[in-house]
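The residues making up each chain are set out below.
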Amino acid sequence: MCKMDQRVRTSWRNLHLKMVLITLALFAQAIWAQLLYSVSEELKDGAVVGNIAKDLGIDYRTLKERGFRVVSSTRESLFEVNQDNGILYLSRKIDREEICERTSSCFINVKIALEHPLEIHYVSVEIIDVNDHVPSFPEKEMHLEIWENALPGSRYQLQVAHDPDGGSNSIQHYKLSQNAHFNLEVKDRGEDGKMPVLILKIPLDREITRSVSLLLTAMDGGRPPKSGSMEITVDVLDINDNMPVFTENVYSVMVNENAPVGTKIIHMNATDLDQGSNGDIVYSLGNRVSDKLQKTFYINSFTGEITVKGLLDFEVRDSYEIDIQASDKGNPPLTADKSVMVKIVDINDNAPEIEVTSFSSSIPEDSRPGTTVALISVSDLDSGVNGKVLCSLPGDVPFKLISSSQKNVYSLVTASLLDREIIYEYDVTLVAKDEGQPPLSSIKTITVAVSDVNDNSPEFSLRPYTFYVVENNSPGASLFCVSAADRDQNENAIVSYEIWRDIGEKMYSSLININSENGWIYALNSFDFEILKTFQFQVLATDSGTPPLSSNVTVNVFIMDQNDNVPVILYPVSANGSAEGVEEIPRNVNAGHLVTKVRAYDADIGYNGWLLFSMQEVSDHTLFGLDRYTGQIRTLRSFTETDETQHKLVILVKDNGNVSLSATATVIIKVVEPKEAFAASDVKSTVKEEEEDNVTFYLIITLGSVSVLFVISIIVLIVMQCSKSTDYPSKYLQDTNYDGTLCHSIQYRSGDKRYMLVGPRMSIGSTIVPGSNRNTLVVPDHRRRPSGELQAARDPDSGSNSIQRYKLSDNDQFRLEVKDRDEDGKIPILFRVAATDSGIPPLKGNVTVNVFILDQNDNVPVILYPVSANGSAEGVEEIPRNVNAGHLVTKVRAYDADIGYNGWLLFSLQEVSDHTLFGLDRYTGQIRTLRSFTETDETQHKLVILVKDNGNVSLSATATVIIKVVEPKEAFAASDVKSTVKEEEEDNVTFYLIITLGSVSVLFVISIIVLIVMQCSKSTDYSSKYLQDTNYDGTLCHSIQYRSGDKRYMLVGPRMSIGSTIVPGSNGNTLVVPDHRRRPSGEDIQ
């Protein structure tokens, strides 16, 4: 269709173009021309109508100068002209039905003007109709109501469809879906269009067809044709033409004698196919029913239910026949009759009797099946069926009844093996039931005791055991308890415990031990979650029977994490190992530019390992922003000319433990000019290169000569220093007064105390150790106390000035009790219950109550990292392509509010694009590379991580990590170096060589002066004083030098440096460093 329209438009355009050219040739002096174009409706805005400049022969290069434009038209907003090429195009989509409604042809006139000289051209555009509208009905559905007695040939007018298109594209005919009841007739009403009429073909019957669904379709004459449809629902209305019909042909029922009044006998049911009141049924007793029968039975007129109204006696009358009438509520009503046979049944009124003639009250639990327990006899006074008796044992018991040769006599015997530990006594219920209607029964219960034998092994309360131990526990403290019970009695029930050494001796003998009497398990050393996360062993429980019986159980121990690891900065890291880095970014970057990403790692898990990033120090808060979850540093705005070229950012990386630990990283951001600036100056600098070659050559030679002399002088200086005498006789020193400054502190342990070496200002909460020059402090030990006992406060004061009492905040769960431990002071204890008797004087006791809330797996794991800006568990990580196998990409962090198994999280890869490239640690969530990248590897990889807890019904969450492989920074840096040149003429090689030559020369002169001064100031007299003996059992990691008065001291470990003197009273960790300076008089400094 589109090709046909295109050919029509092309032929029209060629014809009109020829007419215009002929006109212009005849009237060359005229200033106007008439053009005719055609365009289809519904084309998009910008569609080309025609090239006016080409058709008029106007040079398109002069259109702008001559003001080529649309002056006026019948629709100014529909067309625009292009002054560059003279094309007339649509400014918006055209709807022909909107512009020329119900007209056979549609033309739009447009006036085109040019100046210098002034020319006016008229353009007429014909809008060609396309079949772009679908016929539609006013409503999608139509409902008709027709009586079921309507005659064939009845006519029903339907709604007319509407189609905005004209001509052959308008509605041409209607079509009705196939059906058995109706035909369709279409009337043509000229301008009003075609009207559909529905004609009834055959009579309707509502009881057969309640409604008829039809589909009326209207079709236009387009190619291809379009259509619209409407659903027609014909509802058939009812008339009373059906009588009630009972659902059954014969009604017969049996009723027990003495049935109470109101007893339901039978439910009569009749149906009427009519609708409404024509189908409503009313029930009644027949006209021929006697008065006595009406007093005996009653029927509900609405439900048809027959009930007992009077007394029924089998001995008086054994059956009744009742006439029932059902009628509808039509006009006139229609009726139906039916008879009901009622038979009276005799009842059973005597219950059976049970008699136990022989009985054994106790039986051993190892008795064989078939052992006789008792003899039973039953009887019933009724006769016939009502006198027949059956005896049975209801319930699940290990006994059964065996009938004997004598009528109604039974033996009670064992049916299976007995177990006293499961059931030590049975209440056996005997039921005797006759076969009467209704049956009567009797019940009798006898008790059978089961005597014991030794046949049970110890049983553990749980299987397996699962315990959770917090790391850094105290060695020797009890961890948990296993318990086993033996269902036997006396000696056979006494249980002892041991660790099954066949499995766990070599691996766990150094970790745990067990109390053989009570099952308590103790730790032999302290656990470290980062080294050992879980282990398993087996405990053997043995009873004291002969022979002894035993059983074992598996114990799973999970080490719980504490926040004992400081975050480690992975990037940036400088060459000397400090967390410092320099980043260079162009000045022309936009807001949101990724500067760098601070990467950190915490060996802890959960909240303890969840790291958050924050700005601790920043030179300009408006310029850089930090993502607190990912550590990404981005620009908040573009750089301006007034911004500094260097910015320092100090990033604080902090975990989320109860007592959070942190680390800092320093990022120096240098703002450099973009590569385009360096490229532009490249041309300027190349002109001077040849002119400066000679000067540069001589400067390089001079610089090399001075540098060689400088190196020689340094070597001579080092040789002279190393040739000094190292024989320094030591003497004992007296105690000195410290008045110097110590730069920082070091912690170490000696025995059961922890020490800190600090400067003159001591930290709060630390105790001074006597005789250590007041620079060694005792650090309080914050390790956990035994369960229930809180950490005691400390007060250096004594007597009444020391701690006298504690106070606990108001709460509903705990109260505070303070226990006085003499020299240890008062220690608060939580939740103690005191019991006091009523004697004189009263005596009392107390007990500590520990309340443990048991956990359930009711918390879904929460993804802490990665987390996107919208809160979803998604993140993007960028890594260089040149990383090796084992490179840490990122760490998925998650937290579960539950504890134990319910809170123990495992990580697994649910979806990964390349299994050979990335690996996931199932315990820590670390994602590492399994191999190096190749050129064929994709640049982007998607990993879906499943985080699942270990509850009975495990809960899980997923996190998505997108890993992007980028080129290494070294490649970009290398390309930057090649592209950069000197910015101005003064920043050239000659200038820098002169500066370097001057600097090296100054250093050379200084080194010569220092060499002369040191040669003149040599001293070999080093006197010192002697030490008193001290005991040292600690370890100091390194040394610190400081000065006190005219002496220099060094804090070192157990091994002291040669040529140093130990200061008394400092535990052997403070050394006097000889001072090599010379006094003015020439004497050595002591």
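Since the structure is predicted, the reported quantities are computational estimates derived from the model, not experimental observations.

## Some words on the sheet that holds strand S47 (residues 632–635)
The strands making up a sheet are joined through hydrogen bonds of the backbone, oriented either antiparallel or parallel.
Alright, step 1. Pairing is antiparallel in the open sheet, where three strands are placed in the order S43-S47-S46. For this open sheet the edge positions go to strand S43 (594–597) and strand S46 (624–626), each flanked by a neighbour on one side alone. Taking each pair of neighbouring strands and ignoring which way they run, the sheet shows an average axis angle of 20°.
Alright, step 2. Strand direction decides the pairing type here: S43 and S47, joined by three bridges, are antiparallel. By the bridge assignment, Leu594 is partnered in S47 with Arg634.

## A few points about the sheet that holds strand S8 (residues 141–147)
Alright, step 1. If you walk across this open sheet you meet the four strands as S8-S14-S13-S10, and the pairing is mixed. Two strands bound the open sheet, and with one partner strand each, they are S8 and strand S10 (171–176). Taken pair by pair, the neighbouring strands of this sheet meet at an average axis angle of 25°, ignoring direction.
Alright, step 2. By the bridge criterion, five bridges tie S10 to strand S13 (residues 211–220) in an arrangement that is antiparallel. Paired with Lys175 across the bridge in S13 is Thr217.

## Some points on the nonpolar core
Alright, step 1. By size, the foremost hydrophobic cluster in this structure holds 27 residues, and its most contacted members are Ile52, Phe79, Leu88, Ile112, Val123 and Val125.
Alright, step 2. Those elements that place two or more of their residues in this core are strand S1 (32–40), helix H2 (52–56), strand S4 (79–81), strand S5 (87–90), strand S6 (107–114) and strand S7 (119–128).
Alright, step 3. If one sorts the elements of this core by residue count, S6 sits on top with four residues.
Alright, step 4. Sequence-distant contacts of Val123, that is, excluding residues within four places in its chain, are made with Gln34, Leu35, Tyr37, Ile52, Leu88, Ile108, Asn109, Val110 and Ile112.
Alright, step 5. Counting residues in each nonpolar core, the second largest holds 26 residues, with Ala259, Tyr283, Phe297 and Ala326 among its members.

## Remarks on the side chain of Ser367
Alright, step 1. Relative to the assigned elements, Ser367 resides in the loop between strand S25 (362–364) and strand S26 (372–379).
Alright, step 2. A polar contact of 2.8 Å, which involves the side chain of Ser367, links it to the backbone oxygen of Pro364.

## So, the pairing of strand S39 (residues 534–543)
Alright, step 1. With eight of 10 residues buried, S39 is to be regarded as a mostly interior element.
Alright, step 2. Alignment of strand S36 (residues 495–499) against S39, held across five bridges, turns out to be antiparallel. In the strand pairing of S39, Ser496 is matched with Thr542.
Alright, step 3. The antiparallel hairpin formed by S39 and strand S40 (residues 550–560) contains six residues in its connecting segment.

## Re the pairing of strand S30 (residues 425–434)
Alright, step 1. Where strand S27 (residues 389–392) lies against S30, four bridges are found, and the strand directions are antiparallel. Within S30, the position partnered with Val389 by the bridge is Asp434.
Alright, step 2. Counted between consecutive antiparallel strands, the loop separating S30 from strand S31 (residues 441–451) contains six residues.

## Observations regarding the confidence of the model for the protein
Alright, step 1. When pLDDT is averaged along the protein, the result is 77, and 76% of the positions lie at 70 or above.
Alright, step 2. With pLDDT under 50 throughout, residues 755–787 is counted as low confidence; its partners more than four residues away or in other chains account for 83 contacts.
Alright, step 3. Counting interchain partners and residues more than four positions distant, the pLDDT-below-50 stretch residues 1051–1073 has 83 contacts.

## Looking at the pattern of salt bridges
Alright, step 1. Within the structure shown, the criterion is met by 20 salt bridges.
Alright, step 2. Note that Asp59 is salt-bridged to Arg61, the shortest N-O span being 3.3 Å.
Alright, step 3. Its relative accessible area of 31% is what places Asp59 among the partly exposed residues.
Alright, step 4. For the salt bridge of Glu877 with Lys597, the shortest nitrogen-to-oxygen distance reads 2.3 Å. With Glu877 in strand S59 (residues 874–880) and Lys597 in strand S43, this residue pair connects regions lying 280 residues apart in the sequence. Here Glu877 matches Lys597 in class, with each residue buried.

Reading the values: the criteria
- Residues numbered from 1 in each chain as written.
- Predicted model: local features only at pLDDT ≥ 70, side-chain atom pairs only at ≥ 80, totals over all residues.
- Heavy atoms only, no water.
- Pairing = 2+ DSSP bridges.
- Helix = DSSP H or I, 4+ residues; strand = E, 2+ residues; numbered from the N terminus.
- Axes fitted to C-alpha atoms, helices over the stretch in contact; angles between N-to-C directions.
- Core = buried A, V, L, I, M, F, W, Y, C linked by side-chain atoms within 4.5 Å.
- Buried < 20%, exposed > 50% of the residue type's maximum accessible area, 1.4 Å probe, protein only.
- Contact = heavy atoms within 4.5 Å.
- Polar contact = N/O pair within 3.5 Å; in protein donor to acceptor, adjacent residues only side chain to side chain.
- pLDDT = per-residue confidence, 0-100.
- Salt bridge = Lys/Arg side-chain N within 4 Å of Asp/Glu carboxyl O.

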